[in-house]
Amino acid sequence: MNCRNIFWFLLLLPQVGWTQIILADTYRQKAETLYVHKKYEEATRFYEKAFQLVRTSDPIRAANLCVDLSSMDYMKNQNRIAINRCLLGLRYLHAIPTAPDSARFKLFSSLGTFYGALYRNDSAQIYFRKADALLTQHPTIERQIPLYVLFHFNNQGNWFLKTGNYTRSLSYLTKAQEIAAKYGTDDDLTYVESNLAQAYDAMGDFNEALHHRLLAKKLYKGVDIRMYGNLSGIGWTLYKLHQYSKSLAYFTEAEQLLTTLRRGKAVTDYASEQIHLWWMMSACYRATNQLEKTERYLTQAHRLHLKSFGSQGRLMARIFVEKGQLLEIRHELNQALQAYQEAVRAICRNPESCTGQWQNPRADDVSDETTLLLSMWHKAAVLRKLHTLTANLVYQNAAVKSYQACVDLQEHIRHGIDSEQSQLIFAAQHSLVPEAVSTVFEAYQRRRSGALRDTLFRLFEQAQAGSLREALRLSTIKPQTIPTHLLEREQQLKKQIKQARRKSLSDTTATVSLTTAQLQWHQLLDTFKHDYPAYYRLNYRGTSSSSWALQQQIDNETAYISYVRNETSLFILLVTQQAVEIIQQPIDSVRFTKQLAQLKHQLYHDPFLASYEGTGSAADLYALLIGPVRGYLKGKTRLIIARDWSFAFLPFEVLETGRQAHDYLTRHYAIAYAFSAQLFFDRPRTDLSNKPVLTVAPFARMGTVPSTTNRQANFRPLASSEAEARSIGGDVLLGPEATLANFLKADMDRNVIYFATHAETDDADPSNSYVAFYPDDNNKLYTDEIYDLSLSATGLVVLGACETGSGRVIKSEGVLSLARAFAYAGCPSVVTTLWKANDETTAFLTIRLHEYLTQGMAIDRALQQARQDFFESSLFLKYNHPYYWANYTLLGNASPVMAANRRPGLVSGLVISMLLLSMGVFWQRKRITYFVTRRLSGNL
């Protein structure tokens, strides 16, 4: 080439480059238009043409086109190709220090989505965090590319749903909703609504899920793959609601649309949607006992999966689980067992590592932990059935190992769930311990080995209060591993979340503030896990416990008793210094439930002048609950009881031996209740405070409570609480001084904090339960606010308020009570009320309890002695019904909380005498007035 030609080449080179860029932009715009009109194949071709024009000349445009093409790959379920495109896009940007943040954001967010689709959770988390960090550093990204940000939150919310973080999923999807409302269209909102529906489906709130699915269908008018998703989603939610005929009608409509969409396409196009639909239809036909159709759709789904994606994947595992359930119905147990094992293999990252007969992989070796849990649980149940039928010990041993693996995996998954509400949902949906205990116990009866005994012990420990155990464990780990300024930031965000939640749902600003604070809190927790290896290591480190270790902590006068219940038996773990016994007590489940209900009715309702009619139920329950271990209790004077969640409301104090009238268990034993042995014994307070006790009595004087506020809240004055507070002494917040603000300013490093006040329990939403303070602008201490109190230096909280030990009961978790909230905050011991407290008897018991505590007595013995004093007092003549004295119970460690002070209780004795004299006429008149009123109104 001569010099003249070189000159013209260099002169025209920029023009050629700009021509290519203009043409590339034209192709990209054409692709965008085709995409909007649902012509995805043509859109892909124009994206590819645009990319080829700029791939060597314009790295920023090339990177953006990598995102566009990866989205088209993702729609076809070609996630690995999509990932490679995005990684190529990052390489384009790597060489450009000034590359736009919006381009990096799109690539990071897309990679998080694609890795999440492949269940590569660690990689997904890394890229989602990078995208979140860019949004935090450069908020203008949302204005620049709002739809990409919308889908970032939408896709991330969907991914969190798969990991069991339900509430976190809702936070991200709510943010996506906000962005859709601000920038988007109805079409974009349908994605969000569909994922919200999936979240509520996963949480078990099927009516709310159906609401969002129907809204998505109403908003979206297109006849394409999105409409298919709306139709099939409605069908699935209706299936969950057991509306099978309606469900099948929607499935049929969805299949007709999908057939049309797949016509003329490659076999792999929309293959995952087709497989998923056939799987859902097979489940619905199984539920209606149309087993031939179930088998036909499963066979079709299996064949298409093999042809399109091979033998691996979550969807294939679900197909095998459904096939196993079908085979169980047909009593083909060996074939069902094989199907469940194939389900396990389908989610193994390396199937060759899971070739052993009925082998269970580690959590780190699978792509989807929740599907592994489902598969192993079904497998364990079938192995147990086969052992029952054949008496073949090979099946029993395999069942034991599978149940152990299930429970261990359950704990592992729990460690990755970062909110209490999600923990509770997970616990209720995966109640595996009763089945595991039953299976391991059968093996233990045959071979009473120490290993099986300790396996049973660990299962009893994991039977309930999992979210509480997790919270207390993290409260210990965080101060050891996380910098103080980050822990302070966490508390600030929690406070913002609580404040926003208390505001009206119609307050849009508060709703946005709530979502923002929730997202920041979740992202801060990610920082803990990923930037502080010591925290991550301790978080996922297993805990070891054994019955032998428990024996070393029990004195010769104490017995530890734990219960696990299934449909046919009570399993009882008894540990004393001399023995460790696991006992199976057969029960008639219907009759047992009826006895519990009858006794609860007698205890939880004010009898007024009615007589007590719970003796029969109390004696029957004593025979079932205490009778089997009675022989081991000789010489014991103290019981530590871990109740099964199904009767966590029951005070064992009222159980009657039947040897004589009203021979209550409390007359023989001091009783404390435990969530688990580890929580009970690992949390004693070693150093006693020299600070005085704190007593809070907001409603002590009738004249000091504003009448309007009092009527609105239905808070009556507590006439005995002033005498109670004066008798206890120490630092006293009385009447107008007992505001929430003053309480929160007080030093919590106390041996005892007493509450003589009102409380309200909300079973529908436990976060709305509260302890009441003196009425002012802010007089309620809610459950989630109690959680965030720092009570690890508090020895004992005494809740002399109504129903602080009752609340919503969660399967496998227990009672979500206010007392549990104080335990959650770190207090190792709580004396609480199980039902509405009687002012007079509560004051008596609290004063006597305090007197014995000041003598250095253990809490359980002090409470037992206070109750014995009540039995011997003149009050018992009026209030002999257990309703008046049995609701005061100890939850947690029983160790002494005060140094011994042997001075006679002269002051408290005089106060009690005055109390009886002043209150007797008042309460008797009130009781008679109520009785006469009811007689006159015809209610008696």
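Residues numbered from 1 in each chain as written. Predicted model: local features only at pLDDT ≥ 70, side-chain atom pairs only at ≥ 80, totals over all residues. Heavy atoms only, no water.

- You'll find the chain entered in an unreviewed UniProt entry as CHAT domain-containing protein, with Spirosoma validum given as the organism.

1. Here's the deal with the overall build of the chain
Consideration 1: From N to C terminus, the chain includes 39 helices and 16 strands.
Consideration 2: In terms of C-alpha radius of gyration, the chain reaches 32 Å, essentially the compact-globule figure of 30 Å for 940 residues.
Consideration 3: Referenced to the eigenvectors of the C-alpha coordinate spread, the extents of the chain come out at roughly 120 × 65 × 60 Å.
Consideration 4: For the chain, buried positions account for 57% of its 940 residues.
Consideration 5: Long-range contacts, defined here as pairs at least 24 residues apart, represent 70% of the contacts in the chain between residues at least 6 apart.
Consideration 6: Accessible surface, the chain as shown: approximately 40,300 Å² in total, 52% of it carbon and sulfur.
Consideration 7: Both charge centroids of the chain, one from 104 positive and one from 87 negative side chains, sit 3 Å from each other. (Helix = DSSP H or I, 4+ residues; strand = E, 2+ residues; numbered from the N terminus. Rg over C-alpha atoms; globule rule 2.2 N^0.38 Å. Buried < 20%, exposed > 50% of the residue type's maximum accessible area, 1.4 Å probe, protein only. Contact = heavy atoms within 4.5 Å. Areas by Shrake-Rupley, 256 points an atom, 1.4 Å probe, with all protein chains shown as cover. Lys, Arg positive; Asp, Glu negative; His and termini not counted. Charge placed at Lys NZ, Arg CZ, Asp CG, Glu CD.)

2. As for the nonpolar core
Consideration 1: With 137 residues, the main nonpolar core has Leu-625, Phe-652 and Phe-743 as its most contacted residues.
Consideration 2: Here this core gets seven residues from one element, more than from any other, and that element is helix α21 (residues 433–446).
Consideration 3: Beyond its immediate sequence surroundings of up to four residues, Phe-652 is in contact with Tyr-563, Leu-625, Ile-626, Ile-641, Arg-643, Phe-647, Leu-665, Ile-671 and Tyr-673.
Consideration 4: With 130 residues, the next largest nonpolar core counts Ala-99, Val-149, Ala-176 and Ile-275 among its residues. (Core = buried A, V, L, I, M, F, W, Y, C linked by side-chain atoms within 4.5 Å.)

3. Focus: the pairing of strand β4 (residues 638–642)
Consideration 1: Of all the five residues making up β4, five are buried; the element is thus mostly covered by neighbouring parts of the structure.
Consideration 2: Residues of β4 alternate between two faces, with Arg-638, Ile-640 and Ala-642 on one and Leu-639 and Ile-641 on the opposite face, all of them buried.
Consideration 3: For strand β1 (residues 558–565) and β4, the ladder comprises five bridges, and the chain directions are parallel. The residue bridging Ser-562 from the neighbouring strand is Ala-642, located in β4.
Consideration 4: Examined bridge by bridge, β4 and strand β5 (residues 670–673) share four bridges and lie parallel to one another. In the sheet register, Ile-641 faces β5, and the bridge partner there is Tyr-673. (Pairing = 2+ DSSP bridges.)

4. Looking at the packing of aromatic side chains
Consideration 1: Taken as a whole and assessed by the stated rule, the structure comprises 41 aromatic pairs.
Consideration 2: Judged by centre distance (5.7 Å) and plane angle (65°), the rings of Tyr-770 and Tyr-782 are edge-to-face. With a gap of 12 residues between them, Tyr-770 in strand β10 (residues 770–772) and Tyr-782 in strand β11 (residues 780–782) connect regions that are remote in the sequence.
Consideration 3: Exposure remark for Tyr-782: the relative accessible area of 16% places this residue in the buried category.
Consideration 4: Seen from the ring of Phe-46, Lys-49 lies directly overhead, with NZ or CZ sitting 4.9 Å from the centre.
Consideration 5: We note Lys-600 situated over the ring of Phe-649; from NZ or CZ to the ring centre the distance is 4.7 Å. (Phe/Tyr/Trp six-rings, centres within 6.5 Å; stacked < 30°, edge-to-face > 60°. Lys NZ or Arg CZ within 6 Å of the ring centre and 35° of its normal.)

5. Things to note about the side chain of His-305
Consideration 1: Positionally, His-305 belongs in helix α15 (residues 291–308).
Consideration 2: Dropping the residues within four chain positions of it, His-305 is found in contact with Ile-275, Gly-310, Gln-312, Leu-315 and Met-316.

6. A word on the sheet that holds β10
Consideration 1: A sheet is described by the order of its strands in space; here three strands give the open sequence β9-β10-β11, paired in antiparallel fashion. Looking at strand neighbours, the two that pair on one side only are β9 (759–760) and β11, the edges of this open sheet.
Consideration 2: In terms of strand pairing, β9 meets β10 through two bridges, oriented antiparallel. Within the sheet, the bridge partner assigned to Ala-759 lies in β10 and is Val-771.

7. Examining the packing of helix α19 (residues 393–415) against α21
Consideration 1: It is at 9 Å that the axes of α19 and α21 come closest, and there the two elements cross at 140°. With respect to their mutual orientation, α19 and α21 come out oblique. The two elements α19 and α21 meet at a crossing, and its hand is left-handed. In this structure, α19 contributes Leu-393, Gln-396, Asn-397, Ala-399, Val-400, Tyr-403 and Val-407 to the contact, and α21 contributes Glu-435, Ala-436, Thr-439, Val-440, Glu-442, Ala-443 and Arg-446.
Consideration 2: Here the residues of the contact of α19 with α21 are counted per class, giving eight nonpolar, three polar and three charged. (Axes fitted to C-alpha atoms, helices over the stretch in contact; angles between N-to-C directions. Parallel < 35°, antiparallel > 145°, perpendicular 65-115°, else oblique. Left-handed = near helix turned anticlockwise from the far one by under 90°. Nonpolar A, V, L, I, M, F, W, Y, C, P; charged D, E, K, R; others polar.)

8. Digging into helix α4 (residues 79–94)
Along an α-helix, a turn takes 3.6 residues, which lines up residues three or four apart on a common side.
Consideration 1: The end-to-end C-alpha distance of α4, which contains 16 residues, comes to 22 Å, matching closely the 22 Å that a straight helix rising 1.5 Å per residue would cover.
Consideration 2: For α4, the complete set of buried residues consists of Asn-79, Ala-82, Ile-83, Cys-86, Gly-89, Leu-90, Tyr-92 and Leu-93.
Consideration 3: Buried residues belonging to α4 abut α2 (40–54), α3 (59–75), α5 (101–117) and α6 (121–137). (Expected span 1.5 Å × (residues − 1).)

9. Overview of unusual backbone geometry
Consideration 1: Its identity as a non-glycine residue notwithstanding, Ala-465 has a phi of 60°, on the positive side.
Consideration 2: Phi angles above zero are rare outside glycine, and His-662 is one such case at about 55°.
Consideration 3: On the accessibility criterion, His-662 (40% relative accessible area) is partly exposed.

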